Structure formats: structure tokens, C-alpha cells
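So the chains spell out like this:
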Amino acid sequence: MLQLQVLRQNPEVVKGRLIVKHFAETQIVDTIIALDDERKKLQLDFDNNQAKVNSTSKEIGGLMAKGQKEQAEAKKQEVAALKSTLQPIIEKLAIVEKQLQEELVKLPNLPSPIVPIGKTPAENVVVREGGIKPTLPAGSVPHWDLIKKYDIVDFETGAKITGSGFALFKGQGAKLQRSLIQYFLDFNTAAGYTEYHPPFMVNEASAYGTGQLPDKEGQMYFIQEDKFYMIPTSEVPVTNIYRDVMVKEENLPIRMTAYSPCFRREAGSFGKDVRGLNRVHQFEKVELVQIVHPDKSYEVLDEMVTHVEKLLNTLELPYRILRLCGGDMSFASALTYDFEVYSAAQEKWLEVSSVSNFESFQSNRMKIRYKDSNGKSQLVHTLNGSSLALPRIIACLLENNQTPGEINLPPVLHNYFRDSSIS
RNA sequence: GGAGAGGUGCCUGAGUGGCCGAAAGGGCCGGUUUGCUAAACCGUUGUACGGACUUAAAUCUGUACCGAGGGUUCGAAUCCCUCCCUCUCCGCCA
């Protein structure tokens, strides 16, 4: 959620930035300011009337104590009259506040100045590429064939147990997944991130805090009975650890990492992109979350990108880093870098990580603040990134490292997997 | 799931209808005293949204907030209802 103050101060600047995100309804900015003006007026009106009610009520108390009943009764009528004029103001105020809030949450975060202009993924900017694209031996096949050949992931049985898009990992496949999770967490904690293991379901307030609600409820699995949402990423529970918390400035930055399964309905996703492990309803991911001083967030964003890049390098996968254009960024992000790994058998780039700076967009909703040196409350900045999402990493590891008789794993995994290959 | 006890400021904890934004103690911050430190003493110490004044800050001022939301009342931390959470016991259970 954007800060009202920012909107009021620079409405035209805000509108200009919204255009970069391909958000056309910039008149909402004017609507919001008008609603806020009205809100202020009503608030003042209410405060003044309520002040009279309060002071008169006190007088009644005094009169009652002295036994001056008649005068007290007269005052009571005065209060009753005041309250009847107050009632419509209260109702109006509630409506205006609700409208204001509804309009405010419609606005996406403003893109940072370095966000490329563009509407579609084709206009994302490749920042750099790394690793070496392998030359596969003759007869190489995509991962959906490899998982059958080595019997390590079973989609048919997953569909039988739950439904389409739910993978059943088996044998060396299950072990590979576990090894990767363990490795990623170790890699992150070695870099100073504190490991968390959060709840995998969240309440409405948490889903709202990170921006999943309102609007994206259709993308989350929902437990009607208890009104809980299955998390689409551990970003949600982990960032919400600090919801409504006044953080000590000297404790910044706060660096957290967590593994969790991620549940996504992926409503509306069709086509060949969804084949095999490319898109599933439940996948495993290790996430990074940072809560930082606002002056430091872009520095930290670069640092997180470098961190994820190092991790990918250790896996010896070919990758590229994209700076997302305005039209391809998420609602809440101010600047996002996507990591894609090259799937040699599919001859396709697959997204495996997305690292974003949300500036104060999330912290404004969640009221994550610190006190600055003047004793004033300031919003922190939040960032997060995947390190990494597993299914597509597994797909690439399988495809890129296949030989006619086995799949070789990068050396960094040998200890975790307790073997050097899948056969 | 059942029964009971609770949820008050940074912390402990008092407060059963007006004098309570809230006692007391602790902590924190500022000051005095003091070779230094400690101790003692004095003072200050919440958040949000408004308004006045101001270039601004400071200051003054109004309203709201004692788990959340409703209700009763001229007036609610206090009474009533619903919900959430914590603790104890029972039940069930990996």
C-alpha cells in the first residue's frame, strides 16, 4: 500500500510512475485525495462534536454528585441532541474511510527509476548471463521422460492421490529434493540468514499484509472451516513475523530464510509451459526475507541478487538475470530481478527465483516500523527472494546433466545426496 | 471438543461506572549530586488521526485506543454479547 502522504505531496509524480507499471487508472490518485479531504473534514466535525459530548457528560457527573437532578436531566437532553447530529457524521466517516482504504489498495507499488519501460516479458532486460549451456548427447530427452526412466517423480499417482499438477516424488527423486532443501538452507544460514520453519497456513491478516489479499484470493487454497489460506510462498508467514512490530533500528537488517512447500492454484495457467515440473500446484522452495533500513534497501537488493547468483553458480547451471520491465513486475514490487536457468532439453529458460525490493509497500500495510534518531516512527523496507524454487532446478539438473546411463549431479550436492549420480 | 482462570502502557502489576491515557514498582531517557563508576534524589517517558501557530521544528489543543468487534449508559478499562489468543485440568490424537 502506498503512503497517503506521498500521494498527497506528489500526485503527478505518482501518476507518472504508475504509467510505467501499465496501471492506467491514474484518476484513482485524485479520487483518493478527494476522499482524504472529505475524511479530514468529517473527522474534524466528529472531534468537535464529540468533545462537546464529553465535556457535557462530565458536567452531568458533577451535577449528579451535588444532587442537582433537574439540571442534570437538562444536560442529558443536550447530549442526546448532540448525539443525534453526531450519528450521521459517524456513519459518513465510516463509509468514507472504507472507500479510501478500498481505493488505496488498488494502487500498485511505484516502480523504481531504473525499471525498464515495457509491457511484456519480452521487454525485460537481461542484466547478465552466467554458466555454460551444455551440449547434450544424442538421444537426450526432457525431464518428464527422465523422471519416468529413473522412476523418481510420478505425476499419475500424484493425480490419483490429489489431482493433476501434484507430483509424487519417489526414491532418488525424493532424496534429491530433500538434499537440495538442506543445501540451500545451509548456504543461506552460512551467509548470515536466520533459519525459520513457519506455519504453512496463514490467517487473513497475514495474507493481507504481504499483498495476497485483496485480489489474489483465487490463487490460494483456502480452508473454509478455519478461514486459513495455504501459503503460496513462505514470504507470507516469514514477513508477517514482524507485522505490527516496532523494530529497534540497531537490529536492522533482519535476515531470515525459510523452507516451505508452496501451494498455488495456478487458476488460468494452461498450455505447454505447464508440462512436467515446469508448473505444479505444490512445490518446495527456500526463501530469503530481509527487513532493512530504508536507506539500505537497494544495496541489500544487489547483495541478495549476488547471493542467489553464487548459489546458482555452485549448482553449475546456466542462468541469466533479468531486470523486469514495468508491465511484468508484481503488484507490490518496486524493483524485481528474475533468475532463469536454461533447460537444455526443452531449450527454454525457466524462472527459478525472483528477488524484489518492496520498499515500504508491505511495511506500510503491516506497520513494520523503527524509531529514527529523532524518535519518529519510520517504515522499514522489506525484500525477498527465492533461493531457490526446487522443481525447475530439478528439471534442469536432470536435463542438463543427463548421460545415456545416468544423471550426474554437481559436486556441491554429492555430500548432501550421498552419491554423485542418479541411475 | 468440554470445564475453569486470564488478556491493562517497554516490563511487573493495581484499577468493578465519572476525579483513569490509566496507581505503584522496575526499566529507559534527561538532570542534580559525585575524582570515575555505582548509589541517591528530581523530572520525563505510548500510538494513530485531526486542528491552531510556524518557513520548519518545537509547542499548544481535540478525538480515538486498556486483546478484536458490537451493545447498554448522559458517561465504559470497568457492565452485557460475539470472536480471537494464553494458561490449567479433562477428552481425543501424530
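Above this text is the structure in question.
The structure reproduced in this document is the subject of the present report. In this text the structure is predicted, and so the values were computed from the model without any measurement.

## Things to note about the overall build of chain A
Looking only at helices and strands, one finds 13 helices and 18 strands in chain A. If you line up chain A on its principal axes, its C-alpha atoms span 100 × 45 × 45 Å. In chain A, buried positions account for 49% of the 423 residues. Seen as two clouds, the 49 positive and the 53 negative side-chain charges of chain A have centres 3 Å apart.

## Things to note about the sheet that holds strand E6 (residues 222-223)
Strand order across the open sheet formed by three strands is E5-E7-E6, with antiparallel pairing between neighbours. Either end of the sheet is taken by a strand with one partner, and the two such strands are strand E5 (201-202) and E6. Of the pairings in the sheet, the one linking E5 to strand E7 (residues 228-230) comprises two bridges and is antiparallel in character. For Val-202, the partnering residue across the bridge sits in E7 and is Tyr-229.

## Structural notes on unusual backbone geometry
Here the bond from Leu-252 into Pro-253 is cis, since omega is 0°, no more than 30 degrees from zero. Structurally, Pro-253 can be placed in the loop between strand E8 (246-247) and strand E9 (254-263). A cis amide bond links Ser-387 with the next residue in sequence, Leu-388, at an omega value of 5°. Structurally, Leu-388 is set in strand E16 (residues 381-389). Here His-22, not a glycine, exhibits a phi torsion of approximately 60°, which is positive.

## With respect to the protein's contact with RNA strand B
Around RNA strand B lies a shell of 17 residues, among which Arg-39, Asp-47, Ser-57, Lys-83 and Lys-371 are the nearest. Of everything in RNA strand B that lies within 4 Å of the protein, sugar and phosphate atoms constitute 73%. Between a base nitrogen of RNA strand B and a main-chain N or O atom of Ser-57, the distance comes to 2.6 Å. In this structure, a phosphate oxygen belonging to RNA strand B sits 3.3 Å away from a side-chain N or O atom of Arg-369. Of all elements in the fold, only helix H3 (27-66), helix H4 (69-104) and strand E14 (369-371) reach the threshold of two or more residues within the surface near RNA strand B. Here the surface near RNA strand B takes eleven residues from H3, the largest share from any one element. Within the surface near RNA strand B, the residues separate by chemical class into five nonpolar, five polar and seven charged.

## Some remarks on the nonpolar core
Ranked by internal contacts, the top residues of the largest apolar core, which has 61 residues, are Leu-180, Phe-184 and Ile-393. Of all the elements, helix H10 (residues 297-315) adds the most residues to this core, at eight residues. Those residues in contact with Phe-184 that lie beyond four places of it in its chain are Val-286, Leu-311, Leu-315, Ser-387, Leu-388, Leu-390 and Ile-393. The next biggest cluster of nonpolar side chains, apart from the first, holds 30 residues, and it includes Ile-32, Leu-35, Leu-42 and Ile-60.

## With respect to the pattern of salt bridges
Scanning all chains against the criterion turns up 16 salt bridges. The shortest N-O distance in the salt bridge between Asp-30 and Lys-15 comes to 2.8 Å. Of this pair, Asp-30 sits in helix H3 while Lys-15 sits in helix H2 (residues 11-20); the two residues are 15 residues apart in sequence, bridging distant segments of the chain. Here Asp-30 falls in the partly exposed class, since its relative accessible area comes to 38%. Overall, the relative accessible area of 14% leaves Lys-15 in the buried class. For Arg-320, the salt bridge identified is with Glu-340, shortest N-O distance 2.8 Å. Taken together, the residues span a long stretch of sequence, with Arg-320 in strand E11 (residues 319-323) and Glu-340 in strand E12 (residues 335-343) at a distance of 20 residues. Like Glu-340, Arg-320 is buried. What you see here is one network of salt bridges that share partners, running through Arg-8, Asp-36, Asp-37 and Arg-39.

## Considerations on the side chain of Ser-363
Its place among the elements puts Ser-363 in helix H11 (residues 361-366). Aside from chain neighbours lying at most four places away, what touches Ser-363 is Ile-368, Leu-379, Val-380 and Thr-382.

Cut-offs used in this document
Here the residue numbering is sequential within each chain, running from 1 through the sequence in written order. Each chain is given a letter, starting from A, and each ligand a number, starting from 1, according to the order in which they appear as written. It should be noted that, the model being predicted, local features are given only for residues of pLDDT at least 70 and side-chain atom pairs only at 80 or more, the latter also being counted only at that level, while totals for whole chains, interfaces and linings use all residues. Each side-chain value is derived from all of the structure's non-hydrogen atoms; neither hydrogens nor water enter the calculation. For helices the rule is a DSSP run of H or I covering at least 4 residues; for strands it is a run of E covering at least 2, with both sets numbered from the N terminus onward. Accessible area is worked out with a 1.4 Å probe on protein chains only. A residue is then buried under 20% of its type maximum, exposed over 50%, and partly exposed in between. A positive count includes Lys and Arg, and a negative count includes Asp and Glu. His and the chain ends are not counted in either. Lys charges are placed at NZ, Arg charges at CZ, Asp charges at CG and Glu charges at CD. For two strands to count as paired, DSSP must find a minimum of two bridges between them. Think of it this way: one heavy atom of a residue within 4 Å of a molecule or strand is enough to make that residue near it. Definition of a polar contact: a pair of N or O atoms within 3.5 Å, with one able to donate and the other able to accept a hydrogen when the atoms are protein atoms, and with sequence-neighbouring residues admitted only if both atoms are side-chain atoms. Asp, Glu, Lys and Arg are counted as charged, while Ala, Val, Leu, Ile, Met, Phe, Trp, Tyr, Cys and Pro are counted as nonpolar; the rest, among them Gly, fall into the polar class. Working definition of a nonpolar core: buried Ala, Val, Leu, Ile, Met, Phe, Trp, Tyr and Cys residues. They are joined through side-chain atoms within 4.5 Å. We call two residues in contact whenever any of their non-hydrogen atoms come within 4.5 Å of each other. The term salt bridge refers to a pairing of a side-chain nitrogen on Lys or Arg with a carboxyl oxygen on Asp or Glu at a separation within 4 Å.

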